[in-house]
Amino acid sequence: MFKIGEFSKLTQVSIRMLRYYDETGLLKPAFIDHFTGYRLYQASQIPDLQKIILLRDLGFSTNEILTALPQIESSDFSALLTQKKEELEEEMQHLSNQILKISAAIKDTTTHSIPVHYNVSIKSIPSYQILSTRHKMKSYYEEGALWQRFYALLSSYQISSSVFPGSLSLFYDDDPEKEIDIEIGFLLPGSIPVKLSRFLSSNALTSDPSFSISIHTLPPVPVMASILVLGSYDHIGNAYHSFAVWLEEHNQYQMCSPIREICHVGAESTDNPDEYITELQTPICRLTLT
């Protein structure tokens, strides 16, 4: 048997890490001398330590390594690696987006650019029909995947999103710390093209229980706060900031649900994000003074 210092030299793993692996249950010493307290290891433990190091280098956390170790020799390990790869790719995309935002913030700071202040207008909104799907999600990032699925369904029926006068997202008043209740869809045109009419009368709306699509009418909203956002979707955050400031200044109003984001001109219409036109609509009601 080898003392921890000797085992550390043989495996090129620090004594600190070996003690950590012992504390977390990843790799216990083969024997502990009850008189001296020395941790003693065997050569037969080196392959197990190498597996731990491999999984650590692949980005597995301590808890994930504990789960993965029993499966490393089985056929399930490939599926586990695939799942980890997908998680890392999603994280990489998230980090990439953060880097782009940081770069934009650095540019704004160095050029002393002033954020755009958006005008809030009050108007009444009539009722209109939409083709939509509604889901509860864990994160706002999942909205993109929901749209991809919707676009893919339309594409399978050779329907271009350009036949719709606009697309929209509705965010319902729920507890965002638990689930996000979101509805996405398209405004239906007054005159329905033939392909779209066939799609609406087909079984596509109900064929997939996990992605149920419906046609329904959004009710009219007598008092709607509206902000028009020109350009990239990156500007939407600043627009909501302006609306928050407006609400503080007009405290006779309070927000109601659902908030709507309507894309009048988007990626399906132009390749230039500077040409995007998005409208943020928030139902508001006047507070009753007591």
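In the block above lies the structure referred to throughout.
Residues numbered from 1 in each chain as written. Predicted model: local features only at pLDDT ≥ 70, side-chain atom pairs only at ≥ 80, totals over all residues. Heavy atoms only, no water.

K.L.:
Just to check I follow, could you spell out empty space enclosed by the protein for this structure?
P.N.:
Using a probe with the size of a water molecule, rolled over the atoms, empty space left in the structure can be pinpointed. In this structure the tally under the stated criterion is one cavity of 30 Å³ or more. Empty space within the largest cavity amounts to approximately 40 Å³. As for the largest cavity, its lining consists of Ala-225, Ser-226, Ile-227, Ala-239, Tyr-240, Phe-243, Leu-280 and Thr-282. Broken down by secondary-structure element, the contributors of at least two residues to the lining of the largest cavity are strand S9 (221–230), helix H8 (236–249) and strand S12 (277–286). In the lining of the largest cavity, the residues fall into six nonpolar, two polar and no charged. (1 Å grid on protein atoms, 1.4 Å probe; cavity = no way out; pocket = protein on both sides within 12 Å on 5 of 7 lines; lining within 4 Å. Points joined across faces, edges and corners; volume = space filled by probe spheres on them. Helix = DSSP H or I, 4+ residues; strand = E, 2+ residues; numbered from the N terminus. Nonpolar A, V, L, I, M, F, W, Y, C, P; charged D, E, K, R; others polar.)

K.L.:
Explanation requested: the packing of helix H1 (residues 4–11) against helix H2 (residues 15–24) in the structure shown.
P.N.:
Each pair of packed helices can be described by the angle between their axes along with the distance between the axes. Two elements in contact, H1 and H2, have axes separated by 9 Å at closest approach and are oriented at 110 degrees. Compared by their axis directions, H1 and H2 come out roughly perpendicular. Residues Ile-4, Gly-5, Phe-7 and Ser-8 of H1 form the contact with H2, whose participating residues are Ile-15, Leu-18 and Arg-19. Class assignment for the residues of the contact of H1 with H2 results in four nonpolar, two polar and one charged. (Axes fitted to C-alpha atoms, helices over the stretch in contact; angles between N-to-C directions. Parallel < 35°, antiparallel > 145°, perpendicular 65-115°, else oblique. Contact = heavy atoms within 4.5 Å.)

K.L.:
Would you mind showing me how to read a nonpolar patch on the surface here?
P.N.:
A contiguous nonpolar surface patch, about 210 Å² in accessible area, is contributed by Leu-54, Leu-58 and Leu-81. Its place among the elements puts Leu-58 in the loop between helix H3 (46–57) and helix H4 (62–68). (Patch = residues over 30% accessible without salt bridge, like charges linked within 9 Å, V, L, I, M, F, W, Y side chains within 5 Å. Areas by Shrake-Rupley, 256 points an atom, 1.4 Å probe, with all protein chains shown as cover. Salt bridge = Lys/Arg side-chain N within 4 Å of Asp/Glu carboxyl O.)

K.L.:
Explain the packing of aromatic side chains here, please?
P.N.:
Here the distance between the centres and the angle between the planes together describe a pair of aromatic rings. Within this structure, the stated rule accounts for 13 aromatic pairs. Ring geometry for Trp-147 and Phe-150: centres 6.4 Å apart, planes at 25 degrees, overall stacked. Separated by three residues within a single helix, Trp-147 and Phe-150 lie in helix H6 (residues 143–156), roughly one turn from each other. For the residue pair Trp-147 and Phe-150, the accessibility class agrees, reading buried in each case. A ring pair is formed by Tyr-151 and Phe-186, whose centres lie 5.8 Å apart and whose planes are at 70 degrees; its orientation type is edge-to-face. Placement of the pair is Tyr-151 in helix H6 and Phe-186 in strand S7 (residues 180–187), with a sequence separation of 35 residues. (Phe/Tyr/Trp six-rings, centres within 6.5 Å; stacked < 30°, edge-to-face > 60°. Buried < 20%, exposed > 50% of the residue type's maximum accessible area, 1.4 Å probe, protein only.)

K.L.:
Just checking my understanding: could you explain the side chain of Gln-281 for this structure?
P.N.:
In this structure, Gln-281 sits in strand S12. A distance of 3.2 Å separates polar atoms of two side chains, one belonging to Gln-281 and the other to Glu-279. (Polar contact = N/O pair within 3.5 Å; in protein donor to acceptor, adjacent residues only side chain to side chain.)

K.L.:
Explain the layout of surface pockets to me, please; I cannot follow it from the model alone.
P.N.:
A volume near 270 Å³ is recorded for the second largest pocket. Lining the second largest pocket, in full, are Glu-90, Gln-93, His-94, Asn-97, Ser-139, Tyr-141, Glu-142 and Ala-145. Take the lining of the second largest pocket: its biggest share by element is four residues, from helix H5 (residues 76–111). Taken together, the residues of the lining of the second largest pocket break down into two nonpolar, four polar and two charged.

K.L.:
Please clarify how the environment of Val-221 should be interpreted in this entry.
P.N.:
Inspection of the secondary structure assignment puts Val-221 in strand S9. In the structure, Val-221 is positioned 20 residues away from His-241 in sequence and 23 Å away in space, judged by C-alpha atoms. Once residues within four sequence positions are removed from consideration, Val-221 is found in contact with Lys-123, Ser-124, Ile-125, Arg-260 and Pro-283.

K.L.:
Would you mind showing me how to read H3 here?
P.N.:
Side chains of residues three or four places apart in an α-helix project in the same direction, reflecting 3.6 residues per turn. Compared with the 16 Å implied by 1.5 Å per residue over twelve residues, the 16 Å span of H3 between its first and last C-alpha is a close match. Taken together, the buried positions of H3 are Leu-49, Ile-52, Ile-53 and Leu-55. One side of H3 carries all its buried residues, which in axial view fall inside an arc of 165 degrees. Directly beyond the C-terminal end of H3, a positive phi value near 95 degrees is found at Gly-59. (Expected span 1.5 Å × (residues − 1). Arc of directions from axis to C-beta.)

K.L.:
Explanation requested: the side chain of Ser-232 in the structure shown.
P.N.:
Examined against the element boundaries, Ser-232 turns out to sit in the loop between S9 and H8. A distance of 3.1 Å separates a polar atom in the side chain of Ser-232 from the backbone nitrogen of Asp-234. What Ser-232 contacts, discounting residues up to four positions off in sequence, is Pro-273 and Tyr-276.

K.L.:
What should I look at first to understand H2 in this one?
P.N.:
Turning to H2, its buried residues number three or more, namely Met-17, Leu-18, Tyr-21 and Asp-22. The buried residues of H2 occupy one face: seen down the axis, they fall within an arc of 145 degrees. Residues Arg-16 and Glu-23 are exposed on H2 and point more than 90 degrees away from its buried face. Buried residues belonging to H2 abut H1, strand S3 (39–41) and H3.

K.L.:
So what exactly am I meant to see when it comes to the pattern of salt bridges here?
P.N.:
Where side chains of opposite charge bring their charged atoms close, a pairing between them can arise. Summed over the entire model, instances satisfying the criterion amount to nine salt bridges. Here Glu-89 makes a salt bridge to Lys-85, at a shortest N to O gap of 2.8 Å. Note that Glu-89 and Lys-85 are positioned in helix H5 at a spacing of four residues, about one turn of the helix. Overall, Glu-89 belongs to the partly exposed group, its relative accessible area being 37%. Looking at Lys-85, the relative accessible area reads 49%, which means it is partly exposed. In this structure, Lys-123 and Glu-279 form a salt bridge, with 2.7 Å as the shortest nitrogen-oxygen distance. Taken together, the residues span a long stretch of sequence, with Lys-123 in strand S4 (residues 121–125) and Glu-279 in strand S12 at a distance of 156 residues. Overall, the relative accessible area of 34% leaves Lys-123 in the partly exposed class.

Scope: geometric values only; no functional claims are made or implied.
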